[in-house]
Every structure is written in C-alpha cells, then in structure tokens.
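Residues per chain are reported as follows:
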Amino acid sequence: MPTTITIESPRQPEITELLRLSGEYAQSLYPPESNFLLSVAELEQPGVAVYVARDATDRALGIAALVGGADTGDGTTSTAELKRMFVHPGHRGRGVAGRLLAGIETDAAARGIREIVLETGPESHAALSFYRGAGYREVPLFGQYLGEAFSVCFAKAIPGAVR
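Small disclaimer: the values here were computed from a predicted structure and weren't measured.

Engineer: What is the right way to read the pattern of salt bridges from this model?
Structural biologist: Two side chains with opposite charge may pair up if their charged atoms get near one another. Applying the stated criterion across every chain, the model contains eleven salt bridges. Linking Asp 55 and Arg 59 is a salt bridge whose minimum nitrogen-to-oxygen distance equals 2.7 Å. In this structure Asp 55 comes out as buried when scored by relative accessible area, which is 8%. Its relative accessible area of 40% is what places Arg 59 among the partly exposed residues. Notably, a salt bridge pairs Glu 115 with Arg 137, separated by 3.5 Å at the nearest N-O pair. Placement of Glu 115 in strand E5 (residues 115-120) and of Arg 137 in strand E6 (residues 137-139) is noted, with a sequence separation of 22 residues between them. On the accessibility criterion, Arg 137 (43% relative accessible area) is partly exposed.

In structure tokens:
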C-alpha cells in the first residue's frame, strides 16, 4: 500500500493522537524531566515542519518534525533537529519509519540542510537500531541534552544538500 509523506499542521485529531501516544511511550521509559517532547503549540512555530506519513486511505501512520535548519546564506553549516519521530504501534514493521525518514532527508537536502541531528534514549532500543541502520552516527550530547543520563544523540550528513 503506498505511503505519502507531506508537511501538515500538527493541530489535527489524528496527529494529536499520535503525539499523545508518543508521549505516553516516552513517559513509560524515562522520568518526566528526561522527556524533551515538543507540544502542539511548539510544533506550530516558525521553522518547524511536521511530516505525516499517510496510507492510501489517508490514515495517519506516523509523524516526525524537523526543527530549524534554515539555510544561513553565509557559508556556515545548516543543521536541523529531528523531533517527535513516531509510528503508530499498529503500523510498525511495515517500513513506515524508513519512508518517513527518507522523505524528511530528501526535503532537508532541497532546503539546504546539510546535517540532521536528533536525540533519543538508551532504552529506546528499536529507535537506536533504526537510526544506526539509516546511517546516523552517535555524537556527543548537545544543547539541552548536555549532562542528560537518559539521552543518546545522533547526527547524519545529508548528501546533495542545495547551498
């Protein structure tokens, strides 16, 4: 069944439900102070793109957000952070996450983003395996994750980024 990846508003019932499920999952693994989840209001801010994977019946299967990364225009590296990557539990194991991430990376390259960084946790075994398999490399903790015992950070250079 074909999967489409589009940028959409996070303020839709299907999307807020996926965000709720994502939050519940994160809270089941980590203490509240170690969850760095963006709210719907934060996902609506300028510089944030929310990607939605939908099936042929237009059902939302998964979501992710790309934060920042506007081309600087001064020759400095443009980096964006991947946030809130989540696939509905009933649709896992079908390649949805891979298609979602590939769509985001293609769009990032077209927008001039040369690197994507992300944070996940050490108990998120499927995510750790997924990102490593997608070519992301573990990097030192950065930004708000510095000193965080429940954070693992990754980065990937995006080939073909438009300057």
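Alright, that's what it looks like, and here's the rest.
Engineer: I tried to follow the nonpolar core on my own but got confused; where do I start?
Structural biologist: As a rule of thumb, nonpolar side chains are buried together in soluble globular proteins. The biggest cluster of nonpolar side chains holds 25 residues, and the ones touching the most others in it are Leu 66, Leu 82, Ile 104 and Ile 116. Elements with a contribution of two residues or more to this core: strand E2 (48-54), strand E3 (60-68), strand E4 (79-87), helix H3 (96-110), E5, helix H4 (125-133) and strand E7 (152-157). Considering every element that reaches this core, the biggest residue donor is H3, with six residues. With residues up to four places along the chain from it excluded, the contact list for Ile 104 reads Tyr 51, Ala 64, Leu 66, Leu 82 and Ile 116.

Criteria and thresholds
- Residues numbered from 1 in each chain as written.
- Predicted model: local features only at pLDDT ≥ 70, side-chain atom pairs only at ≥ 80, totals over all residues.
- Heavy atoms only, no water.
- Salt bridge = Lys/Arg side-chain N within 4 Å of Asp/Glu carboxyl O.
- Buried < 20%, exposed > 50% of the residue type's maximum accessible area, 1.4 Å probe, protein only.
- Helix = DSSP H or I, 4+ residues; strand = E, 2+ residues; numbered from the N terminus.
- Core = buried A, V, L, I, M, F, W, Y, C linked by side-chain atoms within 4.5 Å.
- Contact = heavy atoms within 4.5 Å.

None of this, on its own, says anything about what the molecule does.
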